[in-house]
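Listed below are the residues making up each chain.
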Amino acid sequence: MSDDDVHKDSHAESHDVPLTPFNIVRYIISLGLLVFSIVIVGALIFTGNTRVAKETNSWVALIVCILAIVWLTMIEGQQASLVGLPPVDPDLYKDSHPVTYKNAALAFKGDNLDRYLMGRQFMVLLVVFVINQCAGPLDPNGDVLGFSKGVKVVFLDIGLAMVIFTCILGQLTTQVNASHMMIDYINNYFALFTLYTAMTVEFSGVMHSSYLIQNILAAVSGKPIISNEEPKAGFTFAFFWGRVLMSLAILGFCLAVVLVSLFNGDTMMAVKYPSVPNGVSVFLFFFFMAIVGMLEGMQIAFFAVAKLPANERGTSFFGRKTCELLFKGNGENLPGFMIGRQLTVVFSFFLVASITGLNITPGEGNNIFGISDGAQKFLNYGFHGAVITTILASITWQLAASAFPIAFLNNPVTYILLVIALFLEFTGLCSGAWVLARIQKQACGFQYDEVYVGTPEERLANNHGDREMTAAQDVGHLTGGGFAGHICGSHDALDGPIASKDAIDQAA
């Protein structure tokens, strides 16, 4: 065995999850559930029990669903890479990974990383909503391969099939690899295309009302937003705030569409769950938006306080309880939260998609607000729901958490959601993602980042020390959840226990 092979094996051992009997059982059960979920999704599509399959044909629904899942893998994996690489000297991978360098050169210029993350957040919601339209059941009570009512309640009504299908294939598998193999993962033009697409989405201005929220939160918190660009002036200033006003108008229209449709019983909720009163549907809309928002904000807040000494993390009973549970041992529950959080967020996304999806047939004179048939058909696919969820249930809460991380920790709801997320991770529903990640790693020839750029300690010893990223730089930005938990060449939130600031200080 060569020295290079020994070097690679030593890095692999530092990341590998122990193959215990308990883990093996969880892998088998999870993969079995995944196969079962794929069978259910296929049956729904080919029996015309999904929106796209019914309105076009089954093959269109299948192809669009597969393409959406594939693109989601890159959207999720690229984020793990781009939020982990900023501290690393790009000269270390410029020659060995030229396309990764192109990605980094664009993403890390000025405030482009924030722009990318904002556009990327909308893309995630949009793709998940598309998957729901292609593979989500129109009628959960319809016949699906003769399954019993109990099976249909769990996998269709509750939506377990769609959650497992999307989480494992579209998100966790790629996140497991991309969080350790950032440099290899985005060394392709598919990643570069995705980056340009996210930047274009942000440039369109649809999400620009988030910047107004960003400025309001910064003013309220008294914490300045650190920018890498000069203040906007002249045409740039006018163009920016013009898009903010446009975004506010779009957001207002989308909210009006959802609320009027919910009160009139013109959404997919009335089709899938006819026994649920319209008023309850409105409540569920805001409830699950808040759940998504809390989970999005908790991710940012947890990584932010990981940079703080233990005595500064929680200032209330629930704040201290949350920190005790989260940073138990050497932060061993933080990875579990990230996985359980993903399950809960995706489940909420699909519910919100059902709640906001319209059920108005164009051409019958019932178009909402009297819009054209073409516009009604466009709205029926639920893209307005993606706009609302991205701005109000995702970005706003992330920005709030970056400005007020301690307030998030002190909230009793945070503790409750942390316990739920850890329980979901313990069940092992998505453990099969680790098996698929290993298969993907071997098939694509991915190597751990340490193979190319060394560990943080090795880079420092070779006069290529990482750029320091402080908690103050997180305020008003969407990147705060990355730098503490995704350190290139080190452990991160999808690997194992993260060395807390206390442990690092004691080691020093």
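Refer to the structure printed above.
Novice: How do you make sense of the overall build of the protein chain when you look at a structure like this?
Specialist: Looking only at helices and strands, one finds 26 helices and zero strands in the protein chain. Across the 508 residues in the protein chain, those meeting the buried criterion constitute 54%. In the protein chain, 85% of the contacts between residues at least 6 apart in sequence involve partners at least 24 apart. With an accessible surface of roughly 21000 Å², the protein chain has 65% of that area assigned to carbon and sulfur atoms.

Novice: Sorry, what's going on with the pattern of salt bridges here?
Specialist: Note on pairing: side chains with opposite charge can pair once their charged atoms come close. Inspection of every chain in the model, using the stated rule, returns five salt bridges. With a closest N to O distance of 2.8 Å, Glu-229 and Arg-115 form a salt bridge. Linking Glu-229 in the loop between α11 (209-221) and α12 (234-264) with Arg-115 in helix α6 (residues 112-135), this pair joins segments that are 114 residues apart in sequence. On the basis of relative accessibility, which here comes to 29%, the residue Glu-229 falls in the partly exposed class. Two residues, Arg-341 and Glu-296, come together in a salt bridge whose shortest N-O distance is 2.7 Å. Note that Arg-341 is positioned in helix α17 (residues 333-356) and Glu-296 in helix α14 (residues 278-305), a separation of 45 residues in sequence.

Novice: It is not clear to me how the packing of α14 against helix α21 (residues 412-427) should be interpreted in this structure. Could you clarify?
Specialist: Two quantities define a packed helix pair, namely the angle between the helix axes and the distance between the axes. Remark: α14 packs on α21, axes separated minimally by 10 Å, with the N-to-C direction vectors making an angle of 90 degrees. Taken together, α14 and α21 sit at an angle that is classed as roughly perpendicular. Counted together, Ile-291, Met-294, Leu-295, Met-298 and Phe-302 of α14 and Val-413, Thr-414, Leu-417 and Leu-418 of α21 form the full contact between these two elements. Here the residues of the contact of α14 with α21 are counted per class, giving eight nonpolar, one polar and no charged.

Each value, and the rule that gives it
Residues numbered from 1 in each chain as written. Predicted model: local features only at pLDDT ≥ 70, side-chain atom pairs only at ≥ 80, totals over all residues. Heavy atoms only, no water. Helix = DSSP H or I, 4+ residues; strand = E, 2+ residues; numbered from the N terminus. Buried < 20%, exposed > 50% of the residue type's maximum accessible area, 1.4 Å probe, protein only. Contact = heavy atoms within 4.5 Å. Areas by Shrake-Rupley, 256 points an atom, 1.4 Å probe, with all protein chains shown as cover. Salt bridge = Lys/Arg side-chain N within 4 Å of Asp/Glu carboxyl O. Axes fitted to C-alpha atoms, helices over the stretch in contact; angles between N-to-C directions. Parallel < 35°, antiparallel > 145°, perpendicular 65-115°, else oblique. Nonpolar A, V, L, I, M, F, W, Y, C, P; charged D, E, K, R; others polar.

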